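Chains, contacts and geometry: an overview
Take a look at the letters that make up each chain.
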Amino acid sequence: MKKYLLFLCCLLCTIFLFSQEPMEWNPYYKLQLSDYQSPESEIRQELTSYSIYSGSKIDFSFNMSAVSFMFTKNFNSKIKAVFQKNLAVLIAPDTLTANQLVRFGRYDFDLVELYSRKIRKKIYNEKGAFTDAKFFQPIFNALQEEMNTVSAQVFKATDIGKNSVLLQQEHDKVLQQINALSDFCANCKPSKSRE
């Protein structure tokens, strides 16, 4: 009985740990209200304001020897758009507003994927055989800043997704750009020709 109880406790801990792993961007998955799992998330009629912290970010990490780095050209798998459920906060007075905020969260997650692809492409096009690893940082910083500016503009223009028509137009533009950068998905191998 004690072994069974110990096994059950370990299993529950493992499930909890893996459920907190960041979720990678996937073209077939749409964020849901249930994905906003931060303890600060709430939907209550008493609330007079609404807000969202999307929980989406670009995750960039690589661990390789200097020789391996020198001969690596494709860093697509090292740069990922992720959504962290446990950090995603949604606060709304009702489910209608909450669902509008989720639509903005979907837009924002796709925007993060778009900029992940832009970073992958720029690194692929600019990395030479003897490039120093530090060359990544200015590329990452510049495109991260651009992404934040675009997100803030759409955030304001759509009133955090309440203007669904404008949000859909902006989302469609992002999805078209993602498709145009199809060689730069996380699991893709770019074609040999450079632009």
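Located above this text is the structure these notes cover.
A brief report on the enclosed structure follows.

The rules we used
For every chain, the first residue of the written sequence is number 1, and numbering continues from 1 onward in sequence order. With pLDDT at 70 or above as the cut-off, local features in this predicted model cover only qualifying residues; side-chain atom pairs require 80 or more to be listed or tallied, and sums for whole chains, interfaces and linings still use all residues. The basis for every side-chain value is the complete set of heavy atoms in the structure, and neither hydrogens nor water enter the calculation. The criterion for an aromatic pair is that two Phe, Tyr or Trp rings (for Trp, the six-membered ring) have centres within 6.5 Å, with stacked assigned to planes under 30 degrees apart, edge-to-face to planes over 60 apart and tilted to the rest. Every helix listed is a DSSP run of H or I at least four residues long, and every strand listed is a run of E at least two residues long, numbered separately from the N terminus. For each residue, the accessible area found with a 1.4 Å probe, counting protein chains only, is set against the maximum for its type, and the residue is called buried under 20%, exposed over 50%, and partly exposed in between. Charge-over-ring contacts are defined here by two conditions on Lys NZ or Arg CZ: a distance within 6 Å of the ring centre and an angle within 35 degrees of the ring normal. What is meant by a nonpolar core is a set of buried Ala, Val, Leu, Ile, Met, Phe, Trp, Tyr and Cys residues, joined one to another through side-chain atoms within 4.5 Å. Two strands qualify as a pair provided that DSSP identifies no fewer than 2 bridges between them. Two residues form a contact once any of their heavy atoms are found within 4.5 Å. Helix axes use the C-alpha atoms of the stretch in contact, all axes being lines fitted to C-alpha atoms, and the angles between their N-to-C directions lie in the range 0 to 180 degrees. Angular relationships are summarised with four words: roughly parallel below 35 degrees, roughly antiparallel beyond 145, roughly perpendicular across 65 to 115, and oblique for the angles in between. Note on convention: the crossing is left-handed when the near helix lies turned anticlockwise from the far helix by less than a right angle, right-handed when the turn is clockwise.

1. Comments concerning the packing of aromatic side chains
For the structure on display, the rule yields 8 aromatic pairs. Measuring from centroid to centroid gives 5.7 Å for Phe 104 and Tyr 107, while their planes differ by 45°, and the two rings are tilted. With a gap of 3 residues between them, Phe 104 and Tyr 107 both fall in helix H3 (residues 95–126), about one helical turn apart. Tyr 107 shares its class with Phe 104; the two are buried. Here Phe 104 and Phe 155 contribute two aromatic rings whose centre-to-centre distance is 5.5 Å and whose plane-to-plane angle is 75°, an arrangement assigned as edge-to-face. Separated by 51 residues along the polypeptide, Phe 104 in helix H3 and Phe 155 in helix H4 (residues 136–157) bring together distant segments of the chain. Exposure remark for Phe 155: the relative accessible area of 34% places this residue in the partly exposed category. One cation-aromatic arrangement involves Lys 162 over Tyr 50; the distance from NZ or CZ to the ring centre is 4.9 Å.

2. Some thoughts on the nonpolar core
Nonpolar side chains in soluble globular proteins tend to be buried together. Core analysis: the biggest nonpolar cluster contains 40 residues, and Tyr 36, Ile 58, Leu 90, Ile 119 and Ile 123 have the highest contact counts within it. Of all elements in the fold, only strand S5 (79–83), strand S6 (89–92), H3, H4 and helix H5 (164–180) reach the threshold of two or more residues within this core. Looking at this core, the element that brings in the most residues is H3, giving 13 residues.

3. Here we look at the sheet that holds S6
In space, the 3 strands of this open sheet follow the order S2-S6-S3, with mixed pairing throughout. The sheet terminates laterally at strand S2 (42–43) and strand S3 (51–53), the two strands that pair on one side only. Where S3 lies against S6, 3 bridges are found, and the strand directions are antiparallel. Counted as the bridge partner of Ile 52 is Leu 90 from S6. Relative to the sheet, H3 contacts S2, S3 and S6, its axis offset from that of S6 by approximately 150°.

4. Thoughts on the sheet that holds S5
Paired through their backbone hydrogen bonds, the strands of a sheet run either parallel or antiparallel. Taken together, the 3 strands give an open sheet; going across it, the order is S1-S5-S4, and neighbouring strands pair in antiparallel fashion. Strands with a single pairing partner mark the edges of an open sheet, and in this sheet they are strand S1 (23–24) and strand S4 (56–60). Alignment of S1 against S5, held across 2 bridges, turns out to be antiparallel. Its bridge partner being in S5, Met 23 is matched across the sheet by Phe 83. Docked against the sheet, H3 engages S1, S4 and S5, running at close to 170° with respect to S5.

5. A closer look at the packing of H3 against H4
Remark: H3 packs on H4, axes separated minimally by 10 Å, with the N-to-C direction vectors making an angle of 155°. Between H3 and H4, the angle falls in the class roughly antiparallel. Crossing hand, H3 versus H4: right-handed. Where H3 abuts H4, its residues Phe 104, Tyr 107, Asp 108, Leu 111, Val 112, Tyr 115, Lys 118, Ile 119, Lys 122, Ile 123 and Glu 126 lie against Phe 136, Ile 139, Phe 140, Leu 143, Glu 146, Met 147, Val 150, Ser 151, Val 154 and Phe 155.

Honestly, it's all geometry; don't read function into it.
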